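Breakdown of the fold
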Amino acid sequence: MKHIPILSILFFAFITVFACGNPDLMISLEGKLLQQYQDAKVQYYNGALSQAAAGFKAVVDAAPNFFQGKFMWGKTLFAQGKTAEAEALFRDLTERYPMYHDARIWLIRSELAN
């Protein structure tokens with residue numbers, strides 16, 4: 001658990017640098033929403049997939065342009081065996097952000113699983 005603050009700092013540094021070139025990505029997660037995203041990631045990595053999916057969905061509902069939340073929600077749905085729902089999320093991500101290669105990889109995984 002001591003690595004989570006370091007990962008958070010690296011995550012926000014990445015978002016800051018990446019968002020500078022694309023105004024669509026200039027989003028801000030603060031306070032409760034940021035905590036909800038971090039909690040959902042911990043739940044995902046601990047195998048509490050239902051709680052993680054609900055957390056990621058709530059974050060995406062509140063911040064629709066937060067692509068990382070949508071990506072993690074898709075991975076969670078995939079892990080739950082909801083591959084068609086995951087495919088729709090990954091397809092949306094790859095259409096909006098064509099250079100988002102991780103989303104493209106998971107889109108292909110979802111297509112193969114269906």
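This report concerns the structure included in the present document. Keep in mind it's a predicted model, so treat the numbers as computed, not measured.

**Remarks on the packing of helix H3 (residues 49–62) against helix H4 (residues 67–79)**
As a packed pair, H3 and H4 sit with axes 9 Å apart at the nearest point and diverge in direction by 150°. Accordingly, the angle class assigned to the pair H3 and H4 is roughly antiparallel. Helix-helix and strand crossings are classified by hand; for H3 and H4 the assignment is left-handed. Facing Leu 49, Ala 52, Ala 53, Phe 56, Lys 57 and Val 60 of H3, the residues of H4 in contact are Gly 69, Lys 70, Met 72, Trp 73, Thr 76 and Ala 79. Residue composition of the contact of H3 with H4, by class: eight nonpolar, two polar and two charged.

**A look at the environment of Ala 58**
Among the structural elements, Ala 58 can be located in helix H3. Residues Ala 58 and Ala 40 lie 18 residues apart in sequence; the distance between their C-alpha atoms is 9.9 Å.

**Side note on the environment of Glu 85**
By the secondary structure assignment, Glu 85 is in helix H5 (residues 83–96). Owing to a relative accessible area of 43%, Glu 85 belongs among the partly exposed residues under this scheme. Between the C-alpha atom of Glu 85 and that of Ser 110, which follows or precedes it by 25 residues, the distance is 8.9 Å.

**Observations concerning helix H2 (residues 31–45)**
A rise of 1.5 Å per residue sets the reference length of H2, with its 15 residues, at 21 Å; its end C-alpha atoms lie 22 Å apart and thus fit the reference within 8%. Taken together, the buried positions of H2 are Leu 33, Leu 34, Tyr 37, Ala 40 and Tyr 44. Around the axis of H2, the buried residues are gathered within 125° of arc, so they sit on the same side. Within H2, the exposed residues directed more than 90 degrees away from the buried face are Gly 31 and Lys 32. At the exit of H2 stands Gly 47, carrying a positive phi of roughly 85°.

Rules of the game
- Residues numbered from 1 in each chain as written.
- Predicted model: local features only at pLDDT ≥ 70, side-chain atom pairs only at ≥ 80, totals over all residues.
- Heavy atoms only, no water.
- Axes fitted to C-alpha atoms, helices over the stretch in contact; angles between N-to-C directions.
- Helix = DSSP H or I, 4+ residues; strand = E, 2+ residues; numbered from the N terminus.
- Parallel < 35°, antiparallel > 145°, perpendicular 65-115°, else oblique.
- Left-handed = near helix turned anticlockwise from the far one by under 90°.
- Contact = heavy atoms within 4.5 Å.
- Nonpolar A, V, L, I, M, F, W, Y, C, P; charged D, E, K, R; others polar.
- Buried < 20%, exposed > 50% of the residue type's maximum accessible area, 1.4 Å probe, protein only.
- Expected span 1.5 Å × (residues − 1).
- Arc of directions from axis to C-beta.

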